[in-house]
Amino acid sequence: MKLSLSKIVAVGVATLGLAGAAQAQNVIVRSLDAAESAKVRAAIEASMQAATRGQRIGMVTGTVDPQPQMSRNGMVSQELDASTLMFSVARVNAEGRVEMVCINSLESAQAALTAPAFAKRFSLPSKEQLNVSK
Amino acid sequence: MSASKRFTLKALASASVIACTLGIAGQAQAAATIIINNINQPGVGFNDTTPAVPVGGNTGTTLGQQRLIAFTYAANIWSATLTSSVPIIVNAQFTPLTCSATTGVLGSAGATQIFADFAGAQRPNTWYAYALANKLAGTNVATSPSPQINSNFNSNLGTPGCLQASGWYYGLDGQEGTRIDFVAVLQHEMGHGLGFQTFTNGSTGAFNNGRPSIWDHFLFSAAANKNWVDATATERAASSISINGLIWTGPGVTAAVPSVLRFGQAAVTISGVAAGAGAGTYIAGDSSFGPPVLGTSISGQLMPVAEQGAGAGSGCLPFNAANTLAVTGRVALVDRGICGFAVKAKNAQNAGAIGVIIANNAAGLLAPGGGDPLVTIPVLGITQAQGNTLKTALQTRSRARSGVIASFGVFGTQYTGADLLGRAQMFAPNPFQGGSSVSHFGSAMFRNQLMEPAINADLTQSVLPPQDMTFRLFQDIGW
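The shown structure was predicted, so the numbers you read here are calculated from the model rather than taken from an experiment.

Thresholds applied
Residues numbered from 1 in each chain as written. Chains lettered and ligands numbered in written order. Predicted model: local features only at pLDDT ≥ 70, side-chain atom pairs only at ≥ 80, totals over all residues. Helix = DSSP H or I, 4+ residues; strand = E, 2+ residues; numbered from the N terminus. Buried ≥ 20, exposed ≤ 12 C-beta atoms within 10 Å, placed from the backbone. Contact = placed C-beta atoms within 7 Å. Arc of directions from axis to C-beta. Pairing = 2+ DSSP bridges. pLDDT = per-residue confidence, 0-100. Domains from an automatic or database assignment. Axes fitted to C-alpha atoms, helices over the stretch in contact; angles between N-to-C directions.

## Considering the overall build of chain A
Broken down by element type, chain A carries two helices and seven strands. The helix and strand sequence of chain A, counted from the amino end, reads β-β-α-β-β-β-β-α-β. Residues counted as buried form 45% of the 134 residues belonging to chain A. Sequence-distant contacts in chain A: of pairs separated by 6 or more residues, those separated by 24 or more amount to 27%.

## Some remarks on helix α9 (residues 384-393) of chain B
Residue and element names in this part refer to chain B. What α9 keeps buried is the set Gln386, Gly387, Thr389, Leu390 and Ala393. Relative to the axis of α9, the buried residues are bounded by an arc of 160° and lie together on one face. Opposite the packed face of α9, turned more than 90 degrees from it, sit the exposed residues Ala385, Asn388 and Thr392. Elements in contact with the buried residues of α9: β12 (263-271), β13 (280-283), β15 (299-304), β16 (331-335), β17 (355-359) and β19 (379-382).

## Let's talk about the pairing of strand β4 (residues 113-116) of chain B
Burial along β4 of chain B is two-sided: the face carrying Gln113 and Phe115 of chain B and the face carrying Ile114 and Ala116 of chain B are both buried. In the sheet, strand β4 (residues 76-79) of chain A pairs with β4 of chain B via four bridges, with the strands oriented antiparallel. Along β4 of chain B, the bridge assignment pairs Ser77 of chain A with Phe115 of chain B.

## Here we look at the confidence of the model for chain A
All names here are of chain A. When pLDDT is averaged along chain A, the result is 73; 66% of the residues meet or exceed 70. No element of chain A has a lower mean pLDDT than strand β1 (residues 7-18), at 35, and none a higher one than β4, at 98. Confidence over residues 1-24 falls short of pLDDT 50; this stretch has 58 contacts with residues more than four positions distant or in other chains. Across residues 120-131 the pLDDT falls below 50, and counting only partners more than four positions away or on other chains, this stretch makes 40 contacts in the model.

## Looking at the domain arrangement of chain B
By a widespread convention, an interface's size corresponds to the accessible area lost as its parts come together. Per the domain assignment, the segments of chain B are domain 1 (3-195), domain 2 (212-261 + 419-464) and domain 3 (263-415). For domain 1 of chain B and domain 3 of chain B, the distance between their C-alpha centroids amounts to 41 Å.

## Section: the sheet that holds strand β5 (residues 128-129) of chain B
Across the sheet, four strands lie side by side as β3(A)-β4(A)-β4(B)-β5(B); this open sheet has antiparallel pairing. The sheet is open, and its two edges are formed by β3 (69-70) of chain A together with β5 of chain B, each paired on a single side. One ladder, built from two bridges, connects β4 of chain B with β5 of chain B; its direction is antiparallel. Paired with Ile114 of chain B across the strands is Ala129 of chain B, a residue of β5 of chain B.

## With respect to the sheet that holds strand β9 (residues 219-221) of chain B
All names here are of chain B. Spatially, three strands are ordered β10-β9-β11 in an open sheet, and the strand pairing comes out antiparallel. The outermost strands of the open sheet, each flanked by one partner alone, are β10 (226-227) and β11 (246-248). Both β9 and β10 contribute to a ladder of two bridges, which runs antiparallel. Residue pairing for β10: Ser221 is matched across the bridge by Lys226. Contacting β9, β10 and β11, helix α5 (residues 233-240) runs over the sheet at an angle of about 95° to β9.

Rendered as structure tokens:
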């Protein structure tokens with residue numbers, strides 16, 4: 001994907017001395033130009049739509065069912081599709097509280113939303129097992 | 001430069017400084033540049049000009065500004081923690097996502113490409129997430145470079161028909177109340193995009209196109225006594241549903257366990273001249289509010305709280321003079337029922353109690369949930385039977401003295417969320433839970449971790465010990 005950008009909107013940089021050591025942080029925010037951002041959004045959206053149909057379309061190039069590619073130097077790369085994304089989903093439970101869980105794959109996320117309740121996410125008798133507010 | 005743009009610069013710099021002061025001194029030498037690509041169209045998402053009231057340290061005055069400031073803030077936490085000479089580029093947008101009045105997709109994030117056998121790879125024939133591969137190679141490894149992470153969050157959250165009462169909280173202070181803390185959600189999802197994820201199928205055990213992920217060198221099947229990289233697909237799949245048998249063996253996380261996870265379970269020890277048959281140690285349930293019980297905690301005379309009127313519920317009303325006299329400077333014993341646990345705790349605290357024990361009104365141990373950030377005394381739950389035992393011991397009390405001492409502490413010989421050898425447990429419930437299994441820390445951990453499957457309300461924004469082990473896992477895989 002072309003990464004030349006039309007403008008840098010803002011740069012958030014903080015440099016602080018903490019415990020005698022300089023600490024630099026850099027987060028740069030930039031806006032792609034309209035055409036470029038539309039292209040990126042379209043690629044992501046196409047991959048998302050494909051994932052809902054059980055199909056795999058790469059999030060970057062739109063390649064159908066992207067497979068590993070080997071370079072001449074022996075490096076192997078693979079473009080990922082939206083089915084590999086991690087999703088945060090929320091629901092208001094029977095007590096009126098919001099529960100949030102992280103789920104890998106759009107299909108699983110949508111299944112969680114239509115289920116009567118989130119599957120309990122505990123693996124030992126734990127704080128979550130009987131954690132109710134009333 | 002327009003006034004709004006000047007504002008944006010100032011506000012983003014402010015978000016950076018606040019993040020920088022967040023106790024990240026443990027990574028004083030860390031430095032990674034994160035580039036946020038705002039891919040929203042004009043007027044929407046990060047560019048939404050709807051007026052907004054500054055909240056929780058976020059000084060933005062439009063919805064778009066607040067989103068960008070909060071995103072920058074979360075990115076800055078990672079920027080200050082990770083080290084890479086290659087900028088980490090994140091495509092970011094807010095768009096309408098699946099939503100209803102009671103459920104919704106909050107957002108998503110993930111790596112755009114994965115790589116194996118690149119110059120600098122620490123393990124051969126092994127998949128690495130794009131950003132980590134770049135870090136290890138010291139250059140952008142891709143022949144077709146792209147941003148390393150895609151992210152997308154729900155722009156409709158909090159609007160009519162879309163979890164309206166639980167919209168995004170864009171404050172930077174973790175005081176989200178009943179709303180959803182955007183910073184916490186983004187921190188978590190960005191963590192996955194940076195490499196907190198195996199690309200091996202946990203359900204089938206199949207490697208991605210025949211290659212293990214870097215995670216698989218540290219995921220350990222207790223039953224097979226093998227790391228995933230050496231196990232069969234059947235063994236990997238079995239360990240994904242082994243409940244307590246999927247272990248992380250990386251040295252960074254293992255070394256962090258003692259400083260992050262509690263050694264033992266919360267417990268109440270009962271003693272005193274009037275304790276009688278009630279004397280002993282009771283395993284207790286942790287509360288989701290008030291200070292956690294991490295070791296020796298409060299100790300004081302235990303006093304029951306009388307119901308102030310039939311059906312009013314134990315501790316549900318501001319304490320009257322008799323209950324106030326009973327609990328001031330002491331530990332209050334209340335029954336579950338009628339009102340929320342946090343209400344009971346707050347009333348007891350306002351009356352001067354130093355701690356609260358809530359007895360269940362049904363079978364089983366009770367872990368009092370809910371929340372109230374103003375509760376500053378520890379709260380633990382016990383079983384109904386234990387509560388009855390204590391009430392029997394308290395029958396000989398005076399109005400302000402019981403002779404029964406309740407001491408909060410921990411009991412046991414295992415870190416909460418680790419195996420007997422002190423190694424962190426990963427999330428492996430049975431049945432397999434689509435997508436949540438494997439690529440998260442086990443949810444039994446106490447204290448709660450950023451990368452547990454549930455995004456809990458008591459996270460601190462830190463990704464370092466003694467609060468959190470996320471960065472230690474990242475170090476194990478090469479960050």
